[in-house]
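In case you want the letters, here they are:
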Amino acid sequence: MDLSTIENALIVLTLINIAILCVAAMVFNQNCKLQIQIKYLWLAIDVLEELKKRKQEAA
């Protein structure tokens, strides 16, 4: 089976597009994980501030 130059170019472009989509999906996944970690970080900060406030009220 002999492919023409245009068919070869289309195959290469398709593979490049698939690679770009994979990279975009990985970046999106990392960004979602980062947002979740930031959310938990803010929750932890709120808890620490509440504990600090309780200590100051008890003193």
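As shown above, the structure is provided for reference.
Residues numbered from 1 in each chain as written. Predicted model: local features only at pLDDT ≥ 70, side-chain atom pairs only at ≥ 80, totals over all residues. Heavy atoms only, no water.

### Structural notes on the overall build of the chain
Move 1: The secondary structure content of the chain amounts to one helix and zero strands.
Move 2: The C-alpha radius of gyration computed for the chain amounts to 26 Å, which surpasses the reference 10 Å derived for 59 residues by more than 25%, pointing to a less compact arrangement than a globule.
Move 3: By the burial criterion, 0% of the 59 residues in the chain qualify as buried.
Move 4: For the chain, the exposed surface amounts to about 5,700 Å²; the carbon and sulfur share of it is 69%.
Move 5: Considering the chain, the positive charge centre built from 6 side chains and the negative charge centre built from 6 side chains are found 18 Å apart. (Helix = DSSP H or I, 4+ residues; strand = E, 2+ residues; numbered from the N terminus. Rg over C-alpha atoms; globule rule 2.2 N^0.38 Å. Buried < 20%, exposed > 50% of the residue type's maximum accessible area, 1.4 Å probe, protein only. Areas by Shrake-Rupley, 256 points an atom, 1.4 Å probe, with all protein chains shown as cover. Lys, Arg positive; Asp, Glu negative; His and termini not counted. Charge placed at Lys NZ, Arg CZ, Asp CG, Glu CD.)

### Some thoughts on the state of the cysteines
Move 1: Taken as a whole and judged by the stated rule, the model has zero disulfides.
Move 2: Unpaired in this structure, Cys22 has its nearest cysteine sulfur neighbour in Cys32, at a distance of 16 Å.
Move 3: When its relative accessible area of 26% is taken as the criterion, Cys32 is described as partly exposed. (Disulfide = S-S within 2.5 Å.)

### Quick look at the packing of aromatic side chains
Move 1: Counted by the stated rule, this structure contains zero aromatic pairs.
Move 2: Lying over the aromatic face of Tyr40, Lys39 brings its terminal NZ or CZ to 5.4 Å of the ring centre. (Phe/Tyr/Trp six-rings, centres within 6.5 Å; stacked < 30°, edge-to-face > 60°. Lys NZ or Arg CZ within 6 Å of the ring centre and 35° of its normal.)

### Digging into the environment of Leu3
Move 1: Tracing the backbone through its elements, the reader meets Leu3 in the segment before helix H1 (5-58).
Move 2: For the pair Leu3 and Ile45, spaced 42 residues apart in sequence, the C-alpha to C-alpha distance is 61 Å.
Move 3: Sequence-distant contacts of Leu3, that is, excluding residues within four places in its chain, are made with Asn8 and Ile11. (Contact = heavy atoms within 4.5 Å.)

### Topic: the environment of Ile16
Move 1: Relative to the elements of secondary structure, Ile16 occurs in helix H1.
Move 2: Distance in space between the C-alpha atoms of Ile16 and Asn29 is 20 Å, their sequence separation being 13 residues.

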